[in-house]
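# Understanding the architecture of this molecule
The chain contents come next:
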Amino acid sequence: MIKDHLNKLIGLFILHRTHILSVDVDDIIIACADYYQEDVPRDYVSKIDAQVRCTLDALREYDCKATFFVQAQYCRDIDSVMKEIVSQGHVVASHGVRHRNVGRISIQQFREEIERSIELLSNYQHEILGYRAPAFSMPYDDDHFGVLLDNGIKYVSNGAGIVRSNVPSVQTPIELDCGLMHVPVSTKHFLGGLIRYPIGYGVVARYVPETLFILSLKYWLQKYSYFHYYFHPYELSGTPRNIGIPYRNIRALAQTQILSLRSNNRHGLFRKVFNACRFEPIESLVGYRADCQ
């Protein structure tokens, strides 16, 4: 009965064109260090506070609301901006504590991550209802779902553009068998899923020529009623071109350098995306918004 009600509710929202926006609050240097088990240089100074403020300014300019998936390790450094996120009508959700590969930590470690994350984020918002794994790395299985349900999580949001776990390859939200709602980031599948175009990834806006991306976005918005776009604050505000982080792991070094280089001078493109959509947070779609405030 509840499942049928939720599915009808989601269908109603999608029918009237649903444009969802989410923001992953990460520092690119710290995130890559966490994911690849590297050390952040002692003299590194994060700009995440300024980056999130830049994001809030842009969203306010275009009257967009978003769900901010926040890694709790930043709460102390961005305490005032966390309060601004909530006061400006956005919603806070969990992105864990650190940007670790969930598939490579134990269930007990995962449980500790979720519990600590919710404890810290609850200082800013009464209920934390959503979760997104770092780098979409959480296995979709009963053990991980159980941890989320035990901690009051109502939905999980991941992308299927790059296969890192068994995330359902769907283009609209679905209710999982465990009762959690899965809210996908928009990805177009071709040839039975062999080719994937993750149009809802901010990263795509960096790698695809701007004209081509805007054309594909317009086509998507005309053809599909559901669109979920996500990005990181550093993508909107830009990062230094020569960051010079001496990682031992070549993948960490390459990923950090490439993302940093491609994040420069992209604010105009992101603003075109904001202008094309009337974005709302995930909670407005799954029907939990009133409980969050």
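Residues numbered from 1 in each chain as written. Predicted model: local features only at pLDDT ≥ 70, side-chain atom pairs only at ≥ 80, totals over all residues. Heavy atoms only, no water.

## Re empty space enclosed by the protein
Let me state the cut-off plainly: Both site types are read off a 1 Å grid over the protein atoms alone. A 1.4 Å probe that fits but cannot get out defines a cavity, while an open set with protein on both sides within 12 Å along at least five of seven lines defines a pocket; lining residues have an atom within 4 Å of a point. Grid points are joined across faces, edges and corners, and a volume is the space filled by probe spheres set on the points. Gly is put with the polar residues, along with every residue not named as nonpolar or charged; the nonpolar set is Ala, Val, Leu, Ile, Met, Phe, Trp, Tyr, Cys and Pro, and the charged set is Asp, Glu, Lys and Arg.
Here the structure, examined in full by the defined rule, presents 1 cavity of 30 Å³ or more. A volume near 40 Å³ is recorded for the largest cavity. What lines the largest cavity is simply Gly96, Arg98, Arg100, Val102, Ile105, Phe110, Glu113, Tyr131 and Pro134. The residue makeup of the lining of the largest cavity, split by class, is 5 nonpolar, 1 polar and 3 charged.

## Observations concerning the pairing of strand β1 (residues 18-25)
Rules: Each residue is placed in one exposure class: buried if its accessible area under a 1.4 Å probe, protein chains only, is under 20% of its type's maximum, exposed if it is over 50%, and partly exposed if it falls in between. Comment: elements are numbered from the N terminus, with helices defined as DSSP H or I runs of at least four residues and strands as E runs of at least two. Pairing between strands requires that DSSP locate at least two bridges from one strand to the other.
By the criterion of burial, β1 is predominantly enclosed, with 8 of the 8 residues buried. Burial of β1 is two-sided: the residues Thr18, Ile20, Ser22 and Asp24 facing one way and the residues His19, Leu21, Val23 and Val25 facing the other way are all buried. Two strands pair when backbone bridges link them, and β1 and strand β10 (residues 226-231) are joined in this way by 6 bridges, in the parallel orientation. When the bridges of β10 are listed, Ser22 appears paired with Tyr230.

## Some points on the pattern of salt bridges
The test is simple: Basic side-chain nitrogens of Lys or Arg form a salt bridge, by our definition, when they fall within 4 Å of a carboxyl oxygen of Asp or Glu.
Inspection of every chain in the model, using the stated rule, returns 11 salt bridges. The partner of Asp24 in a salt bridge is Arg132, with the nearest N and O atoms 2.8 Å apart. Here Asp24, found in strand β1, pairs with Arg132, found in the loop between β4 (130-131) and α6 (142-150); they are 108 residues apart in sequence, far enough to count as distant. For Asp24, a relative accessible area of 3% translates into the label buried. On the basis of relative accessible area, Arg132 is assigned to the buried category, the value being 0%. Measuring nitrogen to oxygen at the nearest pair gives 2.5 Å for the salt bridge that ties Glu210 to Lys272. Of the two residues, Glu210 is situated in helix α8 (residues 210-223) and Lys272 in helix α11 (residues 267-276); the sequence distance between them amounts to 62 residues. With relative accessibility at 43%, the residue Lys272 sits in the partly exposed group. Several salt bridges converge on common partners, so that one network encompasses Asp49, Arg53 and Glu84.

## Some remarks on the packing of aromatic side chains
As a reminder, the rule being used: Aromatic pairs are defined between Phe, Tyr and Trp rings, using the six-membered ring for Trp, whenever the two ring centres lie within 6.5 Å; interplanar angles under 30 degrees are classed as stacked, those over 60 as edge-to-face, and all others as tilted.
Throughout the structure, instances matching the rule amount to 18 aromatic pairs. Measuring from centroid to centroid gives 5.7 Å for Phe231 and Phe274, while their planes differ by 45°, and the two rings are tilted. Separated by 43 residues along the polypeptide, Phe231 in strand β10 and Phe274 in helix α11 bring together distant segments of the chain. Of the residues examined, Phe231 reaches a relative accessible area of 0% and is grouped as buried. Assessed through its relative accessible area of 1%, Phe274 is described here as buried.

## Quick word on the confidence of the model for the protein chain
Quick reminder of the rule: Values of pLDDT, ranging from 0 to 100, describe the predictor's confidence in every residue of the model. Contact between two residues is taken to exist if any of their heavy atoms lie within 4.5 Å; hydrogens are not considered.
Here the protein chain shows a mean pLDDT of 85. Residues at 70 or above account for 80%. Of the regions scoring below 50 in pLDDT, residues 1-6 engages in 5 contacts with residues more than four places distant in sequence or in other chains. Below a pLDDT of 50 lies the segment residues 8-15, which in the model reaches 13 contacts outside its immediate sequence neighbourhood of four places, other chains included.

## Observations concerning a nonpolar patch on the surface
Our working rule: Here the term patch refers to residues with relative accessible area over 30% and no salt bridge, with like charges joined within 9 Å and nonpolar side chains (Val, Leu, Ile, Met, Phe, Trp, Tyr) within 5 Å. Here the accessible surface of atoms and residues is derived via Shrake-Rupley with a 1.4 Å probe, and residues count as covered only by protein chains that are part of the display.
On the surface, Phe190, Leu191, Leu194 and Ile195 cluster together into a nonpolar patch covering about 460 Å² of accessible area. Using a relative accessible area of 74% as the deciding quantity, one classes Leu194 as exposed.

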